[in-house]
Amino acid sequence: MHLLEGMKLVRRYDLGDGIARFELLAEGDDGHHHHLVCTRCAMVVELDECFPHEVERKIAAENNFASVSHRLEFFGICPQCQ
């Protein structure tokens, strides 16, 4: 899997539970998206919504950082576990 990750064919995600997850990347896809994770059963929902680049630029400028990017995961309890 590390070879495929190095070739940018998969992307590894760590959702805080110590388990590495890998997602297949389509050609030209950087794999950038976010997740909603159930804290009870570990179900993962992929989210397409993302912050506008202006938010990254604002955060970078206010803190004198360069090349800012982000990863964002949301955690909650899914409908099946409620």
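No experiment lies behind these values; they were computed from the predicted model shown.

Asks: It is not clear to me how the sheet that holds strand β3 (residues 34–38) should be interpreted in this structure. Could you clarify?
Replies: Across a sheet, strands are paired by hydrogen bonds formed along the backbone, either parallel or antiparallel in direction. Read from one edge of the open sheet, three strands run β4-β3-β5, paired in mixed fashion. Only two strands of the sheet have a single partner each, and these edge strands are β4 (44–47) and β5 (73–76). Neighbour-to-neighbour, the strand axes of this sheet turn through a mean angle of 20°, independent of strand direction. With four bridges joining them, β3 and β5 adopt parallel strand pairing. Residue pairing in the sheet places Cys38 in a bridge with Gly76 of β5.

Asks: When you look at a nonpolar patch on the surface in this model, what are you seeing that I'm missing?
Replies: A contiguous nonpolar patch, built from Met1, Leu3, Leu4, Met7 and Leu9 and spanning about 480 Å² of accessible area, is present on the exposed surface. Residue placement: Met1 occurs in the segment before α1 (2–6).

Asks: For this particular structure, what's the right way to read the pattern of salt bridges?
Replies: Two side chains with opposite charge may pair up if their charged atoms get near one another. In the structure shown here, the tally under the stated rule is three salt bridges. The closest approach of N and O atoms between Glu54 and Arg57, which form a salt bridge, is 3.2 Å. On the criterion of helical spacing, the pair formed by Glu54 and Arg57 is a turn pair, its members being three residues apart in helix α2 (residues 53–62).

Rules used throughout
Residues numbered from 1 in each chain as written. Predicted model: local features only at pLDDT ≥ 70, side-chain atom pairs only at ≥ 80, totals over all residues. Heavy atoms only, no water. Pairing = 2+ DSSP bridges. Helix = DSSP H or I, 4+ residues; strand = E, 2+ residues; numbered from the N terminus. Axes fitted to C-alpha atoms, helices over the stretch in contact; angles between N-to-C directions. Patch = residues over 30% accessible without salt bridge, like charges linked within 9 Å, V, L, I, M, F, W, Y side chains within 5 Å. Areas by Shrake-Rupley, 256 points an atom, 1.4 Å probe, with all protein chains shown as cover. Salt bridge = Lys/Arg side-chain N within 4 Å of Asp/Glu carboxyl O.

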